[in-house]
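Each chain, written out:
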Amino acid sequence: MTAVDTPAPPPPPPPLPVRDRTRGERAPAGLSPMLTRLAAERATGVLVREHGTLHLDEGRVAYAESPLAPGLGVLLTTHGTLRPEIWQEAVSRAGGQGGAARVLLADGRLAEGALHLCYLSALYDAAYFVLAPSSTPGRFRYGTGHRSGPFPPVPVDALERETLRRRALLDRIWPDARPDSAPLLRTPTAAAPRPTPRRQDLLDRTDGVRTAADLARDLGRQTFHTLVDVRRLAAAGLLAPRPGPEPPPARDPAPPPPAPYGRGDRAGQGAGPARADPWPPAPDQGTEDPHITLLKRLRDALEAL
């Protein structure tokens, strides 16, 4: 027997490289690309969007205002936390509503913790609407920072996370966003559960004219919290958006154009008398092309059958 030496098997090939998907991933796009860029460059100024304004101080949000949110003054004065004349005096001394909190804190009108809580509530409430989808581009004006007392500004990413959380909450309650902006109507329902006193106050002021933002201002509440109540009432069948105006009736379709001269009703031969041609024959223009003359003779012969 002859021994045969077999070569050793080759070593296994090295494993293929695997891309580490946890590295180099792109961060999710922000609610406002312009705001994301301004935060990255630590810009200071005012960002104006369709539904309100954000005041930036070194890339962070120091103050927010929107016509859809009642603002800090309404939240403080509606329920007696602060007398309206004291608020107006603070606004006058500060040169605007954004700096009124600093004056109130310096005068000892409110405790720092309570004022800070109200200030953040008003800021997040207004920013929710400022960061809503818009149909117009935003504009940014570089300028002086906007500070409200000793309160630190809010990071942009924290503001965007809270805005997205609020959107998801409203969608879970009732996925129809029409009650957020339309005038509201009460819808009587026999089997609906009894609303809480807070929501009953909202129903009592629903008149088919005012929107959720109007009701929030009347009640001295944050507009987002009012939207939560509105969606819950809509889900219970107690409230609905007022229907919009009826679309104009559709116009009758235009009558078809008359058939060209000479066609008549040849397709329905034998079905009855031929329809009169609505176009009179063209006047004689003198010498005609012989091909046209031949076609006219053929047409006349066919119509005579």
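Our subject is the structure that appears above.
For every chain, the first residue of the written sequence is number 1, and numbering continues from 1 along that sequence. The predicted nature of this model means local features are confined to residues of pLDDT at least 70 and side-chain atom pairs, given and counted, to a pLDDT of 80 or more, with totals for whole chains, interfaces and linings taken over all residues. Computation of side-chain values: all heavy atoms of the structure, hydrogens and water removed.

**Q** For this particular structure, what's the right way to read the overall build of the protein chain?
**A** Counting from the N terminus, the helices are DSSP H or I runs at least four residues long and the strands are E runs at least two residues long. Broken down by element type, the protein chain carries 10 helices and 6 strands. Partly exposed residues are those whose accessible area sits between 20% and 50% of the maximum for their type, while under 20% is buried and over 50% is exposed, using a 1.4 Å probe and protein chains only. The buried share of the protein chain, reckoned over its 305 residues, is 34%. For the protein chain, the share of sequence-separated contacts (at least 6 apart) that also reach a separation of at least 24 residues comes to 69%. Only the protein chains shown count as cover for residues, with accessible areas throughout obtained via the Shrake-Rupley method and a probe of 1.4 Å. Here the protein chain has roughly 20,000 Å² of accessible surface; of this, 57% comes from carbon and sulfur atoms. Note on contacts: a residue pair qualifies if any of its non-hydrogen atoms lie within 4.5 Å across the two residues.

**Q** I would appreciate a short explanation of unusual backbone geometry in the present structure.
**A** Across the chain, the bulk of peptide bonds are trans and the bulk of non-glycine residues have phi less than zero. A positive phi angle, near 55°, is found at Arg42, a position not held by glycine. Within the fold, Arg42 resides in the loop between helix H1 (33-40) and strand S1 (45-49). By relative accessible area, Arg42 is classed as exposed at 53%. The backbone of Glu58 sits at a positive phi, close to 55°, despite the residue not being glycine. Take Glu58: it is sitting in the loop between strand S2 (52-57) and strand S3 (60-65).

**Q** What is the right way to read the packing of aromatic side chains from this model?
**A** The geometry of two aromatic rings is summed up by the distance between their centres and the angle between their planes. Stacked, edge-to-face and tilted labels apply to pairs of Phe, Tyr and Trp rings (six-membered ring for Trp) whose centres lie within 6.5 Å, assigned for plane angles under 30 degrees, over 60, and everything in between, in that order. Summed over the entire model, instances satisfying the criterion amount to 4 aromatic pairs. With a centroid separation of 5.1 Å and an interplanar angle of 90°, the aromatic rings of Tyr128 and Phe129 are classed as edge-to-face. Summarising the aromatic geometry, the rings of Phe140 and Tyr142 are spaced 4.7 Å apart at their centres and angled 90° between planes, so their arrangement reads as edge-to-face. Residue classification places Phe140 among the buried positions, given a relative accessible area of 17%. In textbook terms, an aromatic cluster arises when at least three aromatic residues are bridged by ring pairs, as seen for Tyr128, Phe129 and Phe224. A ring has a charge above it when a Lys NZ or an Arg CZ is no more than 6 Å from the ring centre and no more than 35 degrees off the ring normal. The ring of Phe224 has Arg166 sitting right over it, with the charged end atom 4.6 Å from the ring centre.

**Q** Before we go on, may I ask you to explain the nonpolar core in this structure?
**A** Nonpolar side chains in soluble globular proteins tend to be buried together. We call a set of buried Ala, Val, Leu, Ile, Met, Phe, Trp, Tyr and Cys residues a nonpolar core when their side-chain atoms join them within 4.5 Å. Residues Leu54, Leu76, Trp87, Leu104 and Leu115 are the most contacted members of the largest nonpolar core, which totals 55 residues. In terms of residues, this core owes the most to one element, helix H5 (residues 112-130), which gives 9 residues.

**Q** Can you walk me through the packing of helix H6 (residues 156-173) against helix H9 (residues 223-235) in this structure?
**A** For any two helices packed against each other, the geometry is given by the interaxial angle and the distance between the axes. Here, axes are lines fitted to C-alpha atoms. For helices the fit covers the stretch in contact, and angles between N-to-C directions go from 0 to 180 degrees. H9 packs onto H6 with a crossing angle of 15° between their chain directions and a minimal axis gap of 9 Å. In terms of orientation, H6 and H9 fall into the roughly parallel class. H9 is crossed by H6, and the crossing has right-handed handedness. Contacts between H6 and H9 involve Arg166, Leu169, Leu170, Asp171 and Ile173 from the former and Phe224, Leu227, Val228, Arg231, Arg232 and Ala235 from the latter. Across the contact of H6 with H9, the residue classes tally to 7 nonpolar, no polar and 4 charged. For classification purposes, an angle smaller than 35 degrees is called roughly parallel, one larger than 145 roughly antiparallel, one from 65 to 115 roughly perpendicular, and anything else oblique. Two helices cross in a left-handed way if the nearer one is turned anticlockwise from the farther one by less than a right angle. They cross in a right-handed way if the turn is clockwise. Basically, the charged four are Asp, Glu, Lys and Arg, the nonpolar ten are Ala, Val, Leu, Ile, Met, Phe, Trp, Tyr, Cys and Pro, and anything else, Gly included, counts as polar.

**Q** Please clarify how a nonpolar patch on the surface should be interpreted in this entry.
**A** Patch membership requires more than 30% relative accessible area and the absence of a salt bridge. Residues of like charge join within 9 Å; the nonpolar side chains Val, Leu, Ile, Met, Phe, Trp and Tyr join within 5 Å. Salt bridges are counted wherever a side-chain nitrogen of Lys or Arg sits within 4 Å of a carboxyl oxygen of Asp or Glu. On the surface, Leu294, Leu295 and Leu298 cluster together into a nonpolar patch covering about 310 Å² of accessible area. Along the polypeptide, Leu295 turns up in helix H10 (residues 290-304).

**Q** Looking at this structure, I do not really get the sheet that holds strand S4 (residues 139-142). What am I missing?
**A** Two strands qualify as a pair provided that DSSP identifies no fewer than 2 bridges between them. Read from one edge of the open sheet, 4 strands run S3-S2-S1-S4, paired in antiparallel fashion. Each edge of the sheet is formed by a strand with only one pairing partner; in this case those strands are S3 and S4. Strand-to-strand twist across the sheet, computed as the mean angle between neighbouring axes with direction ignored, equals 20°. Relative to S4, S1 runs antiparallel, the two being bridged by 4 bridges.

In short, shape yes, function no, at least from these values alone.
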